[in-house]
Amino acid sequence: MSAVGKSRIAAFCVLIALLPALGGCGASAERESKQQSRAAELVAQADAAPTPRLDWTPCAQPASSRYQCAVAAVPLDYAQPHGATIPLAVLRQPAGDPAGRIGTLFTAAGGPGGSGFDQAALGELFPGEVSRRFDVIIFDQRGVGRSSQVRCFPDSEAQQRFWANSPQPPGNAEQERAAERGSRELAAGCAAHSAALLPHLTTVDAARDIDLLRRAVGEAKLTYAGASYASYLGEVYGALFGDRVRALQLAAMIDPDAYTNNTGAAVADTAIGTEEVFAEFVRLCTQAGQPTCAFAGEDARARDRALLDRLRQGPVEVGRGETAVQVRYDEVVQAQAMLLYDSRQGWSALAGLLAELERGADGNPGVVREVLAAEPFSLNFLDSFTAITCADSNFPERPDQWPELAREFSGNAPTYAAFWLYLRQPCASWSAPQGGYRQRYTGPWTLRSEVPALLFNNRFDPVTPLAFAKRAQQELGNARLVVVDGYGHQPAGDCTRRLRERYLIDLALPDPAASCTADRAPFGG
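Residues numbered from 1 in each chain as written. Predicted model: local features only at pLDDT ≥ 70, side-chain atom pairs only at ≥ 80, totals over all residues. Heavy atoms only, no water.

Engineer: A description of the state of the cysteines should follow, citing residues and the corresponding values.
Structural biologist: Each disulfide is one covalent bond, formed between the sulfur atoms of two cysteines. Under the criterion given, the structure shown has five disulfides. With a sulfur-sulfur separation of 1.9 Å, C59 is cross-linked through a disulfide to C69. What sets the handedness of the C59 and C69 disulfide is the S-S torsion sign, and at about 100° it is right-handed. You can see C59 sitting in the loop between β1 (57-58) and β2 (68-75) and its partner C69 sitting in strand β2, a full 10 residues away along the chain. Residue classification places C59 among the buried positions, given a relative accessible area of 6%. (Disulfide = S-S within 2.5 Å. Helix = DSSP H or I, 4+ residues; strand = E, 2+ residues; numbered from the N terminus. Buried < 20%, exposed > 50% of the residue type's maximum accessible area, 1.4 Å probe, protein only.)

Pasting the structure below:
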């Protein structure tokens, strides 16, 4: 990257870092005092809200029939704790060993925009000793799914049309112009169809909802486990309600300060992390060889770049005749980024996709269709992701700057910078409440709990790189980080499970030098 390019990125990152603090200069004592006062006000507003009543009944959905469900009434606006309420859909998995039950473990879905109910439908939450010793509660965050889903369109048909015609990331100048128009349209649609809800979708609001749920089930202190975006939710809760934390186990870490106060830098670092993990994908694919990795061969990285360059010129057709399928640039970039999340199955699927694309007319269109049909996000997720992200992050109100920013960020992340950046473009046109989101919390992130937090992060995570976890540990202060020598977005394996169980059950922290190794390497290594 040129020196001019680096200076532009630096200027952009400094600009968005300064947006929430234009009235001050640096982290002065006066500013810190104001932050502490503001945090106390946010907590006091939650404390003034009535404790919701939870009437547990068997969940109605067949996929969730093993669980109990309830609806909590929580304030729409915590500044008016006795005012209008919204329903919060809550799900409970009772402890498998009632006699040995310790209490309630709270958790949340990632995203933001993931549904806790959808996550629970996939199978038992925290299987093993944790689920035997704790009731586990998960919920749909406000603005998500069964908890007042964000609406940005008049009907589902309009929603489908919009997202079907919104390639992310754009691959040429015409698509960049279309992306800007689409980002403005989405922001306006959310404001038109969810006007009352949008001002109250910050993660601070979700953290205060959790504190009300803690009170509702009679827990004096919160035991919480969350990964990815849910790690940020835990960080916010810990910063505001640290004296009410029993245990905070977080994974796939978000750097809370960058996420909130320097979002552009966080996006740039995410993209660099994705590039680094893709490089590992290529290295391990080459090492595994054919047929274990379908894309193995001479200089796989250069072949992937050539394939992407070809896709930028127009769709690539795989197969022949009526069964052939045309594949776009944006579909492949998105598939790469999302399949890197899952090193066990996703990496093999990605290798198969790239191999068939490279073969073109001689490729197998069935393989391509199967991989691309596995949509990573529902359309409702995308609406919720946009609304919650825009409430929490800070971007200049210039959607026309996105092409230039994407090109500058691409100096260090040529494939993925535009993908991660353009997901946030609607935030530049977002209809924020008058005076801004006054409930946004911008730090400090110090965790003042009796027991330190336990953090896990894979060494090669494509969306929350290890650097985020190291910064989060520093910002929380009272935290222990375990690095997992593994790949993908969710730390897993027996070592991680054992350390998590001992922490959540016994409040026992691993040795400061402790680390874990994933049970299984990609491509069966």
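Read on for the rest.
Engineer: Please give an account of the nonpolar core that cites residues and values.
Structural biologist: Core analysis: the biggest nonpolar cluster contains 160 residues, and L91, Y224, L240, F281 and W420 have the highest contact counts within it. Look past the residues within four positions of L91 in its chain and what remains in contact with it is W56, C59, S64, Y67, Q68, C69, F117, A120, L125, V136, I137 and I138. (Core = buried A, V, L, I, M, F, W, Y, C linked by side-chain atoms within 4.5 Å. Contact = heavy atoms within 4.5 Å.)

Engineer: Could you give me a rundown of the pairing of strand β4 (residues 103-107), with the residues and numbers involved?
Structural biologist: Of all five residues making up β4, five are buried, and the element is well covered by its neighbours. Summarising the sheet, β4 and strand β5 (residues 134-139) pair through four bridges and their orientation is parallel. Residue pairing in the sheet places F106 in a bridge with I137 of β5. Inspection of the sheet shows β4 paired to strand β6 (residues 222-227) by three bridges, in the parallel sense. Across the sheet, residue L105 finds its bridge partner in β6, namely T223. (Pairing = 2+ DSSP bridges.)

Engineer: Lay out the sheet that holds strand β11 (residues 479-487) with the relevant residues and their values.
Structural biologist: Pairing in this open sheet of 10 strands is mixed, and the strands run β1-β2-β3-β5-β4-β6-β7-β10-β11-β12 from one edge to the other. Strands at the two margins of the open sheet, each flanked by one partner only, are β1 and β12 (515-517). Bridge count for β6 against strand β7 (residues 245-251) is six bridges, and the pairing is parallel. Paired with G226 across the two strands is L250, which belongs to β7.

Engineer: Lay out the environment of L125 with the relevant residues and their values.
Structural biologist: Relative to the helices and strands, L125 is located in the loop between α3 (116-121) and α4 (129-133). In sequence terms L125 and G182 are 57 residues apart; their C-alpha atoms lie 38 Å from each other.

Engineer: Could you give an account of unusual backbone geometry, naming the residues involved and the relevant values?
Structural biologist: Here the bond from Q290 into P291 is cis, since omega is 0°, no more than 30 degrees from zero. Tracing the chain through its elements places P291 in the loop between α10 (263-288) and α11 (300-312). Geometrically, the link from G443 to P444 is a cis peptide bond, its omega value of 0° lying close to zero. Inspection of the secondary structure assignment puts P444 in the loop between α17 (417-422) and β10 (453-460). If you check the backbone angles, D299 has positive phi at about 45° while not being a glycine. Among the secondary structure elements, D299 is positioned in the loop between α10 and α11. Backbone geometry at L507 places phi at a positive 60°, although glycine is not the residue there.

Engineer: Give a description of the packing of α11 against helix α13 (residues 346-359) that names residues and reports values.
Structural biologist: Two elements in contact, α11 and α13, have axes separated by 11 Å at closest approach and are oriented at 60°. Of the possible angle classes, the one that applies to α11 and α13 is oblique. Our pair here, α11 against α13, has a crossing hand that is left-handed. Along its contact with α11, which presents R303, D304, L307 and R310, the element α13 presents L354, L357 and E358. Across the contact of α11 with α13, the residue classes break down as three nonpolar, no polar and four charged. (Axes fitted to C-alpha atoms, helices over the stretch in contact; angles between N-to-C directions. Parallel < 35°, antiparallel > 145°, perpendicular 65-115°, else oblique. Left-handed = near helix turned anticlockwise from the far one by under 90°. Nonpolar A, V, L, I, M, F, W, Y, C, P; charged D, E, K, R; others polar.)

Engineer: Hey, could you go over the pairing of β2 for me, with residue numbers and the actual values?
Structural biologist: As defined by bridge partners, β1 adjoins β2 across two bridges and the pair is classed as antiparallel. For P58, the partnering residue across the bridge sits in β2 and is Q68. The pairing of β2 with strand β3 (residues 85-93) spans eight bridges and is classified as antiparallel. In the sheet register, A70 faces β3, and the bridge partner there is V90.

Engineer: Describe the side chain of E280, with residues and values.
Structural biologist: Here E280 lies in helix α10. The exposure class assigned to E280 is buried, which follows from its relative accessible area of 12%. For E280, the side chain forms a polar contact with the side chain of R283, separated by 2.8 Å. (Polar contact = N/O pair within 3.5 Å; in protein donor to acceptor, adjacent residues only side chain to side chain.)

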